[in-house]
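Summary of structural features
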Amino acid sequence: MSKIAFVYPGQGTQFVGMGKELYENNVKAKELFDKIFSSLDINLKEVMFEGPEDLLKRTDYTQPAIVSLSLVLTELLKEKGIKADYVAGHSVGEFAAFGGAGYLSVEDAVKLVAARGRIMKDVAEKVNGSMAAVLGMDAEKIKEVLKTVDGVVEAVNFNEPNQTVIAGEKTAIDAACVALKEAGAKRALSLAVSGPFHSSLMKEAGEKLKDEAQNYTFNIGDIKIVANTTAEFLETDTEVKDEIYKQSFGPVKWVDTINKLKSLGVTKIYEIGPGKVLAGLIKKIDKEIEVENIETL
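Residues numbered from 1 in each chain as written. Predicted model: local features only at pLDDT ≥ 70, side-chain atom pairs only at ≥ 80, totals over all residues. Heavy atoms only, no water.

1. Regarding the nonpolar core
- One finds M48, V87, F98, F218 and I244 to be the most contacted residues of the largest nonpolar core, which totals 69 residues.
- For I244, the contacting residues outside a window of four places in its chain are F95, F98, L112, L209, A213 and F218. (Core = buried A, V, L, I, M, F, W, Y, C linked by side-chain atoms within 4.5 Å. Buried < 20%, exposed > 50% of the residue type's maximum accessible area, 1.4 Å probe, protein only. Contact = heavy atoms within 4.5 Å.)

Given below as structure tokens:
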């Protein structure tokens, strides 16, 4: 029996106007969005629908914006009778997965991710770090090269076999890009992000998120979540809270996640949320899996 998975995108997929068409043309979507917007202490509606882009790009707006749209789309998909056997999310998308699997209500998932965005913005501003994408080099080789670079720089997002993202101190990232190109990487390019997400420099964010997660009870149901940091199932409330803690300064094992879903019999994946980034990565990990994008009405 073939299985279905829902996957949710991470930061960088946001755009001004996201969700507006849904809000204005679907009664259920408007109702859900209004519940979400009224539960937050930021004006997410205006920033999502009208901008400015600079504000939407700020981590404390980006994260709840992406998760909100992803979860409203999920509810509409469920109304059409499409259900997931498994869910996973890339980085902040994992918080959409908590809502998509029913471990949290839609509003609670967005409230939790809004707190994550706020915490990560505050910590990122203190640590002066950045990230870079490395193309055309095996992840194990990248790790070897990084050992030769001074300062904090780590391989953090294992996106597809030929694309790994590194994060760390700005000076170490610059030095690593040079060293990686010299060692044979096709490209090593800095990313326009506001912090060294998923690196050890973000551990303080993990500690604060651990405290924040204690305010929630996760209702583990039949739909299983494949975790970013382990590519294994989250089976208990304790395991979910541990993942929330570790994920902010731990890796996104996306290649392993997709391979795990394939091994479970998944033949179709719905990428739910803004953009088609994950579809591109999935095709490079496994060409046989069918991917459908759900981002508009």
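Still to come is the rest of the account.
2. Some remarks on the packing of aromatic side chains
- With the rule as written, the count across this model stands at eleven aromatic pairs.
- Summarising the aromatic geometry, the rings of Y23 and F33 are spaced 6.2 Å apart at their centres and angled 55° between planes, so their arrangement reads as tilted. Linking Y23 in helix α1 (residues 20–25) with F33 in helix α2 (residues 27–38), this pair joins segments that are ten residues apart in sequence. The exposure classification of Y23 matches that of F33, with both residues buried.
- Every member of this aromatic cluster is reached through a ring pair, and the members are Y23, F33, F37 and F49.
- It is K210 that lies over the ring of Y245; its NZ or CZ is 4.2 Å from the centre.
- Note that K260 overlies the ring of F233, its terminal NZ or CZ placed 4.8 Å from the centroid. (Phe/Tyr/Trp six-rings, centres within 6.5 Å; stacked < 30°, edge-to-face > 60°. Helix = DSSP H or I, 4+ residues; strand = E, 2+ residues; numbered from the N terminus. Lys NZ or Arg CZ within 6 Å of the ring centre and 35° of its normal.)

3. Observations concerning the side chain of S68
- In this fold, S68 is placed in helix α5 (residues 59–79).
- In contact with S68, other than residues within four places in its own chain, are F33, I36, L44 and V110.

4. So, the sheet that holds strand β4 (residues 153–160)
- On the basis of which strands lie adjacent, the open sheet formed by four strands has the order β4-β5-β3-β6 and antiparallel pairing. One side of each edge strand has no neighbouring strand; the edge strands of this open sheet are β4 and β6 (187–190). For this sheet, the mean angle separating the axes of adjacent strands, direction not counted, is 25°.
- Bridge count between strand β3 (residues 129–135) and β6: four bridges; the pairing is antiparallel. Note on β6: the bridge partner recorded for L135 is R187.
- Lying over the sheet, helix α8 (residues 139–146) contacts β3, β4 and β5 (163–169), oriented at roughly 170° with respect to β4. (Pairing = 2+ DSSP bridges. Axes fitted to C-alpha atoms, helices over the stretch in contact; angles between N-to-C directions.)

5. Points about the sheet that holds strand β9 (residues 290–294)
- Reading across from one edge, β7-β2-β1-β8-β9 is the order of the five strands in this open sheet, with parallel pairing throughout. Among the strands making up the open sheet, the edge pair consists of β7 (224–225) and β9.
- In this structure, strand β2 (residues 86–89) lies alongside β7, joined through two bridges in parallel fashion. Following the sheet pairing, Y86 is matched in β7 by K224.

6. Quick look at a nonpolar patch on the surface
- A cluster of nonpolar side chains, L189, L191 and V193, forms an exposed patch at the surface whose accessible area comes to about 180 Å².
- Secondary-structure assignment places L191 in the loop between β6 and α10 (203–213).
- Overall, the relative accessible area of 30% leaves L191 in the partly exposed class. (Patch = residues over 30% accessible without salt bridge, like charges linked within 9 Å, V, L, I, M, F, W, Y side chains within 5 Å. Areas by Shrake-Rupley, 256 points an atom, 1.4 Å probe, with all protein chains shown as cover. Salt bridge = Lys/Arg side-chain N within 4 Å of Asp/Glu carboxyl O.)

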